[in-house]
Structure formats: C-alpha cells, structure tokens
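Spelled out, the chains give:
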Amino acid sequence: MAAATKLLTSVFILYLSFAFQLFPSGNSELQSSFYGESCPRAEEIIKEEVIKLYNEHGNTAVSWLRNLFHDCVVKSCDASLLLETANGIKSEKDTSRSFGMRNFKYVATIKRALESHCPSTVSCADIVALSARDGIVMLGGPRVELKTGRRDSKQSYALDVESSIPNHNDSISAVLSRFGSMGLDTESTVALLGAHSVGRVHCVNLVGRLYPTVDPTLDPEYAGYLKARCPTPDPDPKSVLYSRNDRETPMILDNMYYKNVLEHKGLLSVDQQLASDPRTAPFVERMAADNGYFHQQFARAVVVLSENNPLIGEEGEVRRDCRYVNGN
C-alpha cells in the first residue's frame, strides 16, 4: 500500500512539473521581473532612456505620467493609447480628451532601444508603465515598484475615451465613482489627483472658471493671475496659452498642490472640490501637511492604476512598433 501511495505521489509530482512547463506562472498574471530571462536589462534600458530624454526634454517626465493615466483609465493598461489612426483604427490620441498630450514620438525612442537588445519581447504597455515609474522619480516623486507582463491591445478604444476619463469640471462624486470602479478608494483618488502638481493646463480648460464671471471659490489674486495668462474667454486651442498647475514647484511632484487647493488656488474645478467635499477634505489636509504621506499614497494609487485590467498571457500581442498593430 505504501509503495502504491509513493508511486502515485511521484506520478502526481511529475504531472505538476510537466504542467508548469506548459503553463508557466508568468503567462497568467503580472509579476515582478517578468523579463528576467527573456530580456534581463529591459527595465534598466527603459530607465536609461527616460533619464536621457529628461535631460534633453524635461517635460517628457510629465508626459510619461499622463500617458499611464490616459492609457489605463480607458479599458485597460494595454498601450491602446499609442495606436495611430490607420486601417480602420481611430486613434485615442485624436480625441478631444487627449488635447494637449505630447512627446509620443519619444516612446519610439525607448522602443528602438529595447528592440535592439530584445526584439519583439517587451510590450509597449510595459513601456508606458515603466516610463511613468521612472518619470515619477525624475519629478522628485517616490520610486514605485510595478509588476510587468502586460500585453498590447490590437484595437483602439477611441469611442470609450469620453466616458472613461473624468472631466476637469466633473463633480467630485463622479470622479470618485469612476476611480472607484478601478479599485481606487477615496484616499488613493485624492493622492492620484496630486499628479496635477506638475505640468500645465491649457486656457481652453480654464476659462470656464474666469468668464463671464470669476468662480467665487477662486482666490481673487490667483484669479487675476489666471486672467493674465488667459486674457480672453475663447482662447485659440492651437495657441500656447496655459497656466502651470503649480507656480511654486511646477516640475516637482510634491504636496504643494494640496497647499494651493486649501488656499483656493486650485487650477481646475475638480481640484477645488477636493478641499470642500467632506469625503476628500481630510485627506487633502493631511497630504498638505505631510509630503511623505502624499508620496506613500500616490505610490499606492499608481500601482492600482497600472494593474487595471491588463492583457496577459496569450491575449493581445507584443507590438514591434508601438504606433501600429503587428501586420499594419
């Protein structure tokens, strides 16, 4: 009996060993160091390129962060954002909600560096995630440990962009609901909006708070500054008319954003609502007082965002050119 049991155990172990060879765990979920064997220097190459590009074009770091948000909020973290309009595919980049996004051409720079080392191995979706991670560090933010193994979408979701991405003048309830559907709680949502600490906003998205009358929740002196930046109620979208999200530390991802909001200097309507809504105000106050706490919660939010419904295993593909589906 003991011999038979031992034989069955050996057969079962042999079966498991064979099964794991057929279906390795890396094919079923995101994991740390997904490219450890297939492209050992993948993450280091992306980091090197992000640093190089930051030194040449500082605003690329902001672009990487915005790319992650716009890609992951729409359906999945699958690099659908990067697809160009071609062969029946309408690009998400051509939608009004992608207004002002730039530096997409430098994604190709990172991809070329990876392809020269490991052809057709590292997905564009992981480039979006990891470039954002390294861009956050370049902006003085926290180091965020992200898993990899995402695959690239074979389609664009341009028709879903409008309903997926919260608008700058949405109610805070709508924003909390949208992020909540992706697993982000109120604390994480407040932290994620701290990304508004860096970058800029075009006057097209600001004039609603300035004309025909000034939003009474705006600090009067700050409103005067904004009107000087945006002198007409109908700015030309093609003109470079904008205001920095944060006048004090415009290229540093810090808690100055929350301090500004508490002083009624929130740039967008949704920013200012954070300070007045009882669900979010306590977190705003705590983040304004403690930059370390903000960074901790921001890192947590980025992890959740980056793992929103990724394509894995045999789903999707690994694009050779991030702008086009393979074969196009």
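Since the model is a prediction, treat every value here as computed from it, not as a measurement.

Conventions used here
- Residues numbered from 1 in each chain as written.
- Predicted model: local features only at pLDDT ≥ 70, side-chain atom pairs only at ≥ 80, totals over all residues.
- Heavy atoms only, no water.
- Helix = DSSP H or I, 4+ residues; strand = E, 2+ residues; numbered from the N terminus.
- Polar contact = N/O pair within 3.5 Å; in protein donor to acceptor, adjacent residues only side chain to side chain.
- Contact = heavy atoms within 4.5 Å.
- Axes fitted to C-alpha atoms, helices over the stretch in contact; angles between N-to-C directions.
- Parallel < 35°, antiparallel > 145°, perpendicular 65-115°, else oblique.
- Left-handed = near helix turned anticlockwise from the far one by under 90°.
- Nonpolar A, V, L, I, M, F, W, Y, C, P; charged D, E, K, R; others polar.
- Buried < 20%, exposed > 50% of the residue type's maximum accessible area, 1.4 Å probe, protein only.
- UniProt positions renumbered as here; feature names shortened; annotations may be inferred.
- pLDDT = per-residue confidence, 0-100.
- Phe/Tyr/Trp six-rings, centres within 6.5 Å; stacked < 30°, edge-to-face > 60°.
- Lys NZ or Arg CZ within 6 Å of the ring centre and 35° of its normal.
- Disulfide = S-S within 2.5 Å.

Peer 1: Please explain the side chain of Ser 91 as it appears in this structure.
Peer 2: Inspection of the secondary structure puts Ser 91 in the loop between α3 (60–73) and α4 (105–117). In terms of polar contacts, Ser 91 uses its side chain to reach the backbone carbonyl oxygen of Leu 83, at 2.6 Å. A polar side-chain atom of Ser 91 sits 3.0 Å from the main-chain amide nitrogen of Lys 93. If we ignore the near neighbours within four places in the chain, the residues touching Ser 91 are Leu 81, Leu 83, Glu 84, Thr 85, Ser 156 and Ala 158.

Peer 1: Which parts of the structure should I look at to understand the packing of α3 against helix α5 (residues 124–138)?
Peer 2: One way to put it is that α3 packs onto α5 with a least axis distance of 8 Å and a crossing angle of 140 degrees. Of the possible angle classes, the one that applies to α3 and α5 is oblique. Between α3 and α5 the crossing geometry is left-handed. Together, Ala 61, Trp 64, Leu 65, Asn 67, Leu 68 and Asp 71 of α3 and Val 128, Ala 129, Ser 131, Ala 132, Gly 135, Ile 136 and Met 138 of α5 make up the contact between the two elements. Classifying every residue of the contact of α3 with α5 gives nine nonpolar, three polar and one charged.

Peer 1: What's the story with α4 in this structure? I'm lost.
Peer 2: Working note: α-helix, 3.6 residues per turn, so residues spaced by three or four point in the same direction. Within the span of α4, buried status applies to Tyr 106, Val 107, Ile 110, Lys 111, Ala 113, Leu 114 and Glu 115. On its buried side, α4 packs onto α2 (42–56), α3 and α5.

Peer 1: What is the right way to look at the UniProt feature "active site" (unreviewed entry) in the chain in this model?
Peer 2: Per the UniProt annotation, the sites labelled "active site" (unreviewed entry) are His 70. Tracing the sequence through the fold places His 70 in helix α3.

Peer 1: Can you help me understand the confidence of the model for the chain in this one?
Peer 2: Predicted coordinates in areas of low pLDDT are best not read in detail. Summary statistics for the chain give a mean pLDDT of 91 and a share of 91% for residues scoring 70 or more. Per-residue pLDDT stays below 50 along residues 1–28; that stretch engages in seven contacts with residues further than four places along the chain or on separate chains.

Peer 1: Help me understand the UniProt feature "domain: Plant heme peroxidase family profile" (unreviewed entry) in the chain in this model?
Peer 2: The positions UniProt marks with the feature "domain: Plant heme peroxidase family profile" (unreviewed entry) are residues 29–326. Counted over residues 29–326, helix gives 43% and strand 2%. Its end C-alpha atoms are 23 Å apart.

Peer 1: How do you make sense of the packing of aromatic side chains when you look at a structure like this?
Peer 2: How two aromatic rings sit relative to each other is given by the distance of their centres and the angle of their planes. Under the counting rule described, the total for this entry stands at six aromatic pairs. Members of the aromatic cluster, each reached through a chain of ring pairs, are Tyr 257, Tyr 258, Phe 294 and Phe 298. The ring of Tyr 293 has Arg 286 lying over it, and the distance from NZ or CZ to the ring centre is 3.8 Å.

Peer 1: Help me understand the packing of α3 against α4 in this model?
Peer 2: Between two packed helices, both the angle of their axes relative to each other and the distance between the axes serve to describe the pair. Between α3 and α4, whose axes approach to 11 Å, the crossing angle comes to 90 degrees. Taken together, the axes of α3 and α4 lie roughly perpendicular to each other. On the side of α3, the interface is formed by Thr 60, Trp 64 and Asn 67, while α4 contributes Tyr 106, Val 107 and Ile 110. Residues belonging to the contact of α3 with α4 are distributed by class as follows: four nonpolar, two polar and no charged.

Peer 1: For this particular structure, what's the right way to read the state of the cysteines?
Peer 2: Linking two cysteines covalently through their sulfur atoms gives a disulfide. Per the stated rule, a full pass over the model turns up four disulfides. Between the sulfur atoms of Cys 124 and its disulfide mate Cys 322 the distance is 2.1 Å. The S-S bond linking Cys 124 to Cys 322 shows a torsion near -95 degrees; that makes this disulfide left-handed. Taken together, the residues span a long stretch of sequence, with Cys 124 in helix α5 and Cys 322 in the segment after α13 (291–306) at a distance of 198 residues.

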